[in-house]
Amino acid sequence: MCLAAYAGAASAAPAARPAGDPWWQHAVIYEIYLRSFQDSNADGVGDLNGITQRLDYLASLGVDAIWITPFFPSPQIDFGYDVADYEGVDPRFGTLADFDRLVAEARKRQIRVLVDLELNHTSDQHQWFQDAARSRRSLTHDLYVWSSGKPDAAGKRRPPNNWVSVFGGSAWEYVPAVEQFYYHRYFRQEPDLNWRNPKVERSMADVMRFWLDRGVAGFRLGAVTALVEDARLRDAAPLGGRNAQGDPNLSDTYTNNLPETHAVLRRLRKMLDHYPGEPVLIGETYVKSAAQLSAWYGGARHDELQLPMDTAFGFATRLDAREFRRRLTEASAELRGSQPLLLLDNHDHPRSWDRFGDGTHNTEIAKVLATLLCTSRAALLLYQGEEIGQSTSTPARVEDVRDPIGITGWPAEKGRDGERTPMQWDASAQAGFTASARPWLPVSPGYATTNVQAQRSESESLLNWYRQLIALRRGDEALRSGRLVMLDPANLRVLSYARVTPDGSGIIVSLNMSAQAQTVTLSTLAAGLAGTRFRTLLSSPGEFSVVAPGTRLTLPPYGAWVAAVE
Ligand code: GLC
């Protein structure tokens, strides 16, 4: 059962944002993996003009903003996260004029554009590093993290400590010309910037102004918790065992979450706050708990990132009602009133379709998760293809792997190609992604049935489910800013909650996270809701029944139900 009234509402143009909260507070932000979204010039790689061509689609989905993965000049070792010039556009993705046109066209459709800034490191091809590695006397030498290392027993020069790169091997690389090692948290070709040097901060603030002046609405800051390292470069404590790259597991006390990084973010945020249009800082924040996440907002001061990602929420692997309830409750309790930023997918993780899917009920499960994202009290991130249930398509042979971590880590780590395959637009050759016969990554085999065009015309599709949810969220005060109150909190299989406005009106959501039908008893009174009758707004297909109106509800396996309380 999927209410026809909402199918109509979903295709309408997005409603204007209500006055009051900053735009990002309730935003639906759509991540575009540039290389794989839309190719406009038949070279097999997505580009900026390709995004412009697809803006109408994004507007029909109802997104408020797009985050575009890096388009800067880059050798593409890390597919753009290795930046060689922060103030340009790589010719394979277009030109600055293309970028300006994209921003202008997006604005016409009330879509903001966010730029992905990797502040932690540059490419080794960046002019700063090229000069830095030539001589210790270079003006840019101190923009990077250098050490002379230490001699081993045989007198041979060794790295200063045992730190390993997230992407495998020692985190230190020797440069004979300066007789020093440089630190790289990621690839060898991605030297870390030295954020203890104020010149780095000044340069990056200039970069941010450059893009803000071109009309961008903010930034996604990659690896932002790791900007600063221990000043004494102390050895990391071993934690026992080895990771997928075969390196020892080490404590990250000296390389991640250092207090100095918070001070940097406070200053960058202050600079941003002087810009009109409420620009936002989104953070790639892999932390273990809501309490740690709170620190990246600036705690009670709210003066660092407006939206650090709640990665622990979305990158869980089990569809577990208790676990999601716990995470949502923690976010309410521990973020000190800050807005959570929820997500299930990005370009660095196997897709939620496969992580949570059971092979039989994948669409129903994806609808449950979509409902959870769109009806929680949160801003949210969608990753391209998530809205149609694209699957992860990991290469079967190491020869086919493009992501370097899959090459060095094979077979324990097969890399991230699987979640980066081209967007599936239609059933034509290469899924409508490119006119080239050779896309940079192969289109996932499921594209003939799983694609935007097919799902547009299918009323019960995941795409239409997302469109309805997003439209509902835009139009409903309780869903945007109502309090979140857990219902039936001891239930092991069904996650139910209410979103309640100060005047006692609201919405009830019930999500069956199990393969069996479940009957729940929901007390509107306990939630502080004035009404006692439910009016279904949205429900996934299946035999729903509301027994004794307003109290008991039977949900089919992986059923999702959203209702207004009247
Ligand atoms: C960011 C990106 C990831 C990249 C890493 C290192 O975390 O999300 O794709 O590999 O930075 O540059």
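## Description of the sheet that holds strand β22 (residues 552–555)
Step number 1: Pairing in this open sheet of three strands is antiparallel, and the strands run β19-β22-β21 from one edge to the other. Of all strands in the sheet, those bounded by a partner on one side alone are β19 (518–521) and β21 (545–547). For this sheet, the mean angle separating the axes of adjacent strands, direction not counted, is 25°.
Step number 2: The sheet contact formed by β21 and β22 spans three bridges and is antiparallel. Directly across from Val546, in β22, lies its bridge partner Leu553.

## Some words on the sheet that holds strand β13 (residues 307–308)
Step number 1: The strand order across the open sheet built from eight strands is β13-β12-β9-β3-β2-β1-β15-β14, with neighbouring strands paired in parallel fashion. The sheet is open, and its two edges are formed by β13 and β14 (341–343), each paired on a single side.
Step number 2: Summarising the sheet, strand β9 (residues 218–222) and strand β12 (residues 280–283) pair through four bridges and their orientation is parallel. Bridge pairing in β12 places Arg220 opposite Ile282.
Step number 3: Lying on the sheet, helix α6 (residues 198–212) is in contact with β3 (112–118), β9 and β12; it crosses β9 at an angle near 140°.

## Thoughts on the pairing of β19
Step number 1: Burial of the side chains of β19 is restricted to one face: Gln518 and Val520 are buried, whereas none of Thr519 and Thr521 on the reverse face is.
Step number 2: Sheet topology places β19 next to β22; four bridges connect them, and they run antiparallel. Among the inter-strand pairings, Gln518 is bridged to a residue of β22, identified as Leu555.

## Section: the domain arrangement of the protein chain
Step number 1: What the domain assignment reports for the protein chain is domain 1 (4–120 + 198–469), domain 2 (127–183) and domain 3 (482–565).
Step number 2: Computed over C-alpha atoms, the centres of domain 2 and domain 3 are 58 Å apart.

## Let's talk about the packing of helix α8 (residues 290–297) against helix α10 (residues 321–334)
Step number 1: At a minimum axis separation of 9 Å, α8 and α10 run at an interaxial angle of 45°. Relative to α10, α8 is oriented oblique. In this structure, α8 crosses over α10, and the sense of that crossing is right-handed. Together, Ala290, Ala291 and Ser294 of α8 and Glu330, Ala331 and Glu334 of α10 make up the contact between the two elements.
Step number 2: Each residue belonging to the contact of α8 with α10 can be placed in one class, and the counts come to three nonpolar, one polar and two charged.

## Points about the environment of Ala217
Step number 1: Residue placement: Ala217 occurs in the loop between α6 and β9.
Step number 2: Among the residues examined, Ala217 registers a relative accessible area of 10% and is labelled buried.

## Details of the site of the ligand
Step number 1: Surveying the vicinity of the ligand reveals 13 residues, the closest of which are Asp78, Glu284, His347, Asp348 and Arg416.
Step number 2: Interatomic distance of 2.5 Å between a side-chain N/O atom of Asp78 and an oxygen atom of the ligand.
Step number 3: Contact between the ligand and Glu284: an oxygen atom at 2.7 Å from a side-chain N or O atom of the residue.
Step number 4: In isolation the ligand exposes 310 Å². Once the protein is present, 98% of that is buried.

## Describing the packing of aromatic side chains
Step number 1: This model, assessed by the stated rule, comprises 27 aromatic pairs.
Step number 2: Plain terms: the ring middles of Phe129 and Tyr144 are 4.9 Å apart, the flat faces sit at 80° to each other, and that makes the pair edge-to-face. A residue pair is termed long-range when its members are at least 10 positions apart, and Phe129 in helix α5 (residues 127–132) and Tyr144 in the loop between α5 and β4 (146–147) qualify at 15 residues.
Step number 3: On the basis of relative accessible area, Tyr144 is assigned to the buried category, the value being 2%.
Step number 4: Summarising the aromatic geometry, the rings of Phe167 and Phe187 are spaced 4.4 Å apart at their centres and angled 45° between planes, so their arrangement reads as tilted. Of this pair, Phe167 sits in the loop between β6 (157–158) and β7 (172–175) while Phe187 sits in the loop between β8 (180–183) and α6, and the two are 20 residues apart along the sequence.
Step number 5: Of the residues examined, Phe167 reaches a relative accessible area of 10% and is grouped as buried.

## Quick notes on unusual backbone geometry
Step number 1: Omega for the peptide link from Trp410 to Pro411 comes to 0°, which places this bond in the cis form.
Step number 2: Phi angles above zero are rare outside glycine, and Glu179 is one such case at about 50°.
Step number 3: Glu179 sits in the partly exposed class, given a relative accessible area of 43%.
Step number 4: For Ala223, which is not a glycine, the phi torsion comes out positive at approximately 50°.
Step number 5: The residue Ala223 is located in the loop between β9 and β10 (238–242) in this model.
Step number 6: What makes Ala223 buried here is its relative accessible area of 4%.

Reading guide: rules and limits
Residues numbered from 1 in each chain as written. Predicted model: local features only at pLDDT ≥ 70, side-chain atom pairs only at ≥ 80, totals over all residues. Heavy atoms only, no water. Pairing = 2+ DSSP bridges. Helix = DSSP H or I, 4+ residues; strand = E, 2+ residues; numbered from the N terminus. Axes fitted to C-alpha atoms, helices over the stretch in contact; angles between N-to-C directions. Contact = heavy atoms within 4.5 Å. Buried < 20%, exposed > 50% of the residue type's maximum accessible area, 1.4 Å probe, protein only. Domains from an automatic or database assignment. Parallel < 35°, antiparallel > 145°, perpendicular 65-115°, else oblique. Left-handed = near helix turned anticlockwise from the far one by under 90°. Nonpolar A, V, L, I, M, F, W, Y, C, P; charged D, E, K, R; others polar. Near = heavy atom within 4 Å. Polar contact = N/O pair within 3.5 Å; in protein donor to acceptor, adjacent residues only side chain to side chain. Areas by Shrake-Rupley, 256 points an atom, 1.4 Å probe, with all protein chains shown as cover. Phe/Tyr/Trp six-rings, centres within 6.5 Å; stacked < 30°, edge-to-face > 60°.

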